[in-house]
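Residues per chain, in single letters:
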Amino acid sequence: MSVAPETASAPIETPEEYHHRRNRVLLYIFAGFVLLSAVRVVSGAEQLTSSGTLAVTLTATMPIAMAGLGGLWAERAGIVNIGLEGMMIMGTIGAGYFAFHYGVVAGVLGAALFGLLGGALHALATVVFGVDHIVSGVAVNIIALGVSGFLAEAWFSGLEGGGPTQSPPLPEPFKINIPFISEPANALEEKHWFLISDLASVVEMFTKDLSSLVVLGLLLIVGTWWALWRTTFGLRLRSCGESPAAAESLGVNVYRYKFIAVLVSGALAGFGGALLAMVSSSGFQVGQTNGRGYIGLAAMIFGNWRPTGMFMGSALFGFTQALPFREGTVSVHALLLLVAAILFAVALVQLLRRRRAHALGALVFGLVFLGWYLTTEIIAREFTTMAPYIAVLLVLAFASQRLRMPAADGQVYRKGSAG
Amino acid sequence: MSLVRRAAMGLAAPVLAFLVAGVVASVVLLISGDDVGAFWDVMFSMPKHRNIVSILNTSAVLYLSGVAAAIGFRMNLFNIGVEGQYQLAGLAAGAFAGEAWLPGPFNTVGAIVVAMITGALWAGIAGILRATRGVSEVISTIMLNAIAGSLIAYCILQIGVDTGNARNTKQIPEGARVGTIEVFGDSPTQLFGLSLLAIVVGIAFWVLLNRTRFGFDLRASGASETAAVASGVNVKRMVVIAMLMSGAVAGLVGLPVMFSDSFSYGSSFQTGLGFTGIAVALLGRNNPVGIAFGALVFAFLTEQATLLNILAGISPDIVKVTQGVILMAVVIAYEVVRRYRVRLEQASVAERLAESRPAPEQPKEPAT
Amino acid sequence: MTAVVDPPVAPASGQAIELTGIGKRFPGVIANHDIDITIHSGTIHALVGENGAGKSTLMKILYGVQKPDDGTITVNGEQVTFSTPADAIAEGIGMVFQHFMLADNFTVLENVTLGAEKLHGIGDAARQEILSISEKYGFGLDPDELVETLGVGERQRVEILKVLYRGAKIIILDEPTAVLVPQEVDALFENLRQLKDQGHTLIFISHKLDEVLAIADDITVVRRGTTVASVKPSDVTSHQLAELMVGSELPSPSTEDSTVTDRVLLSVRGIDVQDAAGRPELTDISFDIHAGEILGIAGVEGNGQAELVETLIGMRHPISGSVRLRTSQHGDKDITGWSTRERREAGIGYIPEDRQRHGLLLDSPIWENRILGHQTRPPAVKGAWLDVRGARADSERIVEQYDVRTPGIDTTARALSGGNQQKFVVGREMSGEPILLMASHPTRGVDVGAQAQIWDHIKNARREGLAVLLISADLDELIGLSDSIRVLLRGRLVGDFDPRTVTPQQLGSAMTGAGDDA
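Read on for a plain summary of the structure. Residue indices follow the written sequence of each chain, beginning from 1 at its first position. Going through the entries in the order they are written, you letter the chains from A and number the ligands from 1. In keeping with the predicted nature of the model, local features appear solely for residues at pLDDT of at least 70, side-chain atom pairs appear and are counted solely at 80 or more, and the whole-chain, interface and lining totals rest on all residues.

Quick look at the overall build of chain C now. A tally of helices and strands in chain C yields 18 helices and 22 strands. Computation of the radius of gyration draws on C-alpha atoms, with the globule rule given as 2.2 Å multiplied by the number of residues to the power 0.38. Taken against the 2.2 N^0.38 rule, which gives 24 Å for 518 residues, the C-alpha radius of gyration of chain C at 25 Å falls within 12% of a compact globule. Here exposure depends only on C-beta density: within 10 Å of a residue's C-beta, 20 or more other C-beta atoms make it buried, 12 or fewer make it exposed, and intermediate numbers make it partly exposed, the C-beta atoms being placed from the backbone. Looking at the 518 residues of chain C, the share that counts as buried comes to 50%. Our contact criterion uses C-beta atoms placed from the backbone: two residues qualify when those atoms are within 7 Å. Long-range contacts, defined here as pairs at least 24 residues apart, represent 70% of the contacts in chain C between residues at least 6 apart. The helix count covers DSSP runs of H or I at least four residues long, the strand count covers runs of E at least two residues long, and both are numbered beginning at the N terminus.

Written as structure tokens, this is what we have:
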């Protein structure tokens, strides 16, 4: 039983095709950005691409991306990790305790350690005992919820600024600032020019108040790519998720690699928790994770189990999470126009490919969204907070046909299955 | 295998799990400096009458939640969305009953139907996504939980009425309320009338599973999808129907409290029952009788937990940890016992056959 | 890019491998006994025999997956014992399995270097090595291609490259041509000859006699677990080989009166089936089965039998062609688009080839398994309700009539031996008065006495008008039961034989594709 859609029919591509596709994807991203900029200008929803929004987006993206990265490590080795949410929770409380008492670095390490403990439990159940992956993940989540609540009460109750459900404020990680770039960029952004100002916002996002932990997260993503696709260790780990029988027949210790993968998975989710507690917020809070572990998994699926794709998916979800807090009622309302525009573009593409029925469907939906946009001023606040979750559902529902998960993902593996 | 031996094997896993959970809880308490002895005193203390009634009420609700999850589990579908389904259903039922379009008891019945339909539809979304687009129901139900939360907040704002500093749906009129059953004379709390739904649902679940053709198809699909397909089962259809049924039962979870105690849906509506229900279902191995025991155990633990704070100054979260550890330990133990049991049964059958009749030369699979 | 050329190997003795007196027993069956084989180095040595003759067990012993109970193994003049495949690899033995051990989503490079990263790393050095091996033997493989895109012949060459990469000098190929079309076979043989020229020793396990005669330098025939002959291809014809493989005993055909009516029950026309990748699995299948007739389909496993039965029961969909069923209830119906349940309800029974995956709920008791496949009809079901008493009573009947060895009908199906599971499945599918029975290896794993009983049941039902499509690898069964025999070879129906007059040579030749010349 796996978390991912049934996708065996997705066509596999050669390296040349991969490069073509990657270029096409980059083109789409750029086109999407242009479209976003246009929507901003037309709708007047300045917060859509303001540097403030982008900064919050980046901050919101990273925890999701870390969870997604954790999911990637585990699933590439063939283990489905639903327990990422719980491991992230462990990370938040680990960060809360260690950062408060011993500083930022200890906070990060402590969070990763706590997350890793959660991973160890999941690994014990799934790799050693062969328990169903999802069941074990659910159990880890329940335990993590209880443990974190208990520890929060034990550790933070008496402290000033804290309480039974939250930690005192935690020390802030170092922030990167490059004023001689960010200030001119800010000036450019204030002009609200189409596309130029939006690009300036992006520049500003990277040069003003950029948290060191965010940079660390980005490095981890790159590091994951290198470790899994450029080293012997990574090859063997991935073989456990593609064909454990073949791996075993060639002398790979499948159990060991699966175990390690799940431990790393937990540690990354834990680090995601540290990001939540120390960068997104000022401290630990019960219920902080709010489903990000699962959203991270969705980002991983969307990204076709590859680090770059996963990050793009996380950014998409991060954006929909950040937007409600940036003049949410107006900004999310403007998103309707964006969705309508995208649907019209899709309709055009389908028409060019002579798929009349698809084109018509996209056109109709596009009109619906356009109508919704034009007939309302804002979107009710409660609906804006739904945005990321609906985005996940839509993405999974439409993207499932082109995805290819690791061939042996979710299988309960027992030694001796090889020929 | 004899009945005694089978029973022993069946109980071995949960007993083992409780022991492990007990040890873990004690260790955690030791580390955090709490009084371990006091913990065990409270946990083993005999509940008073009013606590017993409370336990019964809670187990009924947990039972419903467990059965809802179990229907999905039987088909290898993980309906993590019970939480969102029963919340939405509670809102719908509360709003419906509050409007009092139907008189007296018809209102109650109508509300129950509305609850079941709401839960079914919400779960059905995940079922259809899974059957048609292959979207994992694990993620989709969790997303639907979150969406439900926002949706409920919006609806309460629109149609709720303020009562003091809370906002609830309109009060359910007298005629539609369900009375309580007196279990102990001296207890201030009584057994909620709709708690009996648990018994109805339990029996229906057992009958469905073991005596209907649909139930057979359901179990077969979960046990061996390949054999089910070869026998003519339409698996996609089964997925959707199973999710609909799961959601319908989930819709009942909030009703006993609402119709006998709070009389409206609002912020006091209990949360978290969905996840506990999943644990109860797994603990009870997804069968009607096992889930009942699981529900009683978890309800007992939850009830005792409320005393922990008052009597021993220990955070009730330790019980949540215990419950989680029980779940983990039990699923591990079940897996281990299951493998052992299979081997045992194979050996036992071979033994008994050898004793009863002289076996002729039985060529096994020719080794190729 | 410089190609690394290994000098041809000159072993210490002329014998690459000597197997003397090898024996291996499993519970209830003797897989190998008194095996004596001498394989000369630098030759291609073929090992032939039918399914079940004991070839695979022998090769597993040679590769270190199993340990022999008796006998010795000598490699290059030294006696050796293998505990794991790693030991065999260390002695320079490499095995190319029949079922490839490849990760589809990996490139050729990744598949080859996995587990052997120390040899040449996983980057350019490894790439060079793979390219040079590929060039040396004419494999034509691109290290950066994804295995998923490769055809079957190419995948096989990847498997061979894997063992060469690890320095194998003795290569065992288990049924290498089982999944290849003729052009791919020619390409493979070219590669094998080149390997031989470079001094490698090749052991070629097969039952395709024409190919064996074309490629081998020496041939050893294995039958019923022991070596029966050791010949050179120049000394023997394929018919003689077939005789050695199958044995010259001819099962006596049925002497009963024919029960075949002229009422066509199942009519199949022009069925084409493809696999997920678009490769044809069945091509232009057409036949009729009459009421009271048993149509036997002979053929080596893997030639389309499983696909044929699955298509007829509704589990697979043909891309063209039609299936028509004539019943007393419905008349003449085109059932090509019918679902499995509809077909079963119309009276089609199915004894699956893989009972554990398709025929039983292993963790359910026997009486519940009675319901499987018959969920919409009595006696197990009444309307929407299960008729537990009916199911239990009928299970008792089946247990009795088909001699199913079980302590009771509450025993879990998994606990029964394979043979008894099979007996129960047969009994169940014969219940409910089917009009057409698809029987795929119906007596596989069943003891001789019960086998005869099952045959009697089938014959009785045939007298009542049952039509049967019988797929079997057991020639006794095929000749003894069938009213007519067709042969499936590479997805096509070839040959139409009368069991009363067919000779084992004719059958063997048709099944293995040998020529018709005497």
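Okay, back to it.
Positionally, Leu114(C) belongs in the loop between helix H3 (108-113) and helix H4 (117-120). Spatially, the C-alpha atoms of Leu114(C) and Gln274(C) are 32 Å apart, while their sequence positions differ by 160 residues. Setting aside its immediate chain neighbours within four residues, Leu114(C) contacts Leu235(A), Arg236(A), Ser239(A), Ala247(A), Leu250(A) and Val252(A).

Turning our attention to the sheet that holds strand S14 (residues 320-327) of chain C. Residue and element names in this part refer to chain C. Pairing within the open sheet is antiparallel, and its four strands lie in the order S12-S11-S14-S15. In this open sheet, the two strands that pair with only one neighbour each are strand S12 (280-290) and strand S15 (331-334). Across the sheet, the axes of successive neighbouring strands diverge by a mean angle of 15°, strand direction being ignored. Those strands touched by helix H10 (residues 305-313) are strand S11 (264-274), S12 and S14, and its axis lies near 65° from that of S12. Two strands are said to pair when DSSP picks up at least two bridges between them. Axis definition: a line fitted to C-alpha atoms, limited for helices to the stretch in contact. Angles are taken between N-to-C directions and run from 0 to 180 degrees.

Residues and elements named next belong to chain C. The buried fraction of strand S3 (residues 44-48) is high, at five of five residues. The two faces of S3 match: Ile44, Ala46 and Val48 on one face and His45 and Leu47 on the other face are all buried. One ladder, built from four bridges, connects S3 with strand S9 (residues 218-223); its direction is parallel. Bridged to Ala46 within S9 is Ile219.

Before going further, it helps to examine the packing of helix H3 (residues 49-73) of chain B against helix H7 (residues 197-211) of chain B. All names here are of chain B. Their axes nearest at 9 Å, the elements H3 and H7 cross at an angle of 30°. The orientation of H3 relative to H7 falls into the category roughly parallel. Our pair here, H3 against H7, has a crossing hand that is left-handed. Where H3 approaches H7, its residues Ala60, Tyr63, Leu64 and Val67 are matched on the opposing element by Leu197, Ala198, Val201, Gly202 and Phe205. Should an angle lie under 35 degrees it is considered roughly parallel, over 145 roughly antiparallel, and from 65 to 115 roughly perpendicular; all remaining angles are considered oblique. Rotating anticlockwise by less than a right angle from the far helix to the near helix defines a left-handed crossing, while the corresponding clockwise rotation defines a right-handed one.

All names here are of chain A. Across the interface, helix H2 (residues 51-76) lies against helix H7 (residues 196-207) with an axial gap of 8 Å and an inter-helix angle of 50°. By the angle class used here, H2 and H7 are oblique. The two elements H2 and H7 meet at a crossing, and its hand is right-handed. Taking contact as the criterion, the partners of Ser51, Leu54, Ala55 and Leu58 in H2 are, on H7, Ser201, Val202, Glu204 and Met205. Three residue categories are used. Nonpolar comprises Ala, Val, Leu, Ile, Met, Phe, Trp, Tyr, Cys and Pro, charged comprises Asp, Glu, Lys and Arg, and polar comprises the others, including Gly. Tallied by class, residues from the contact of H2 with H7 come to five nonpolar, two polar and one charged.

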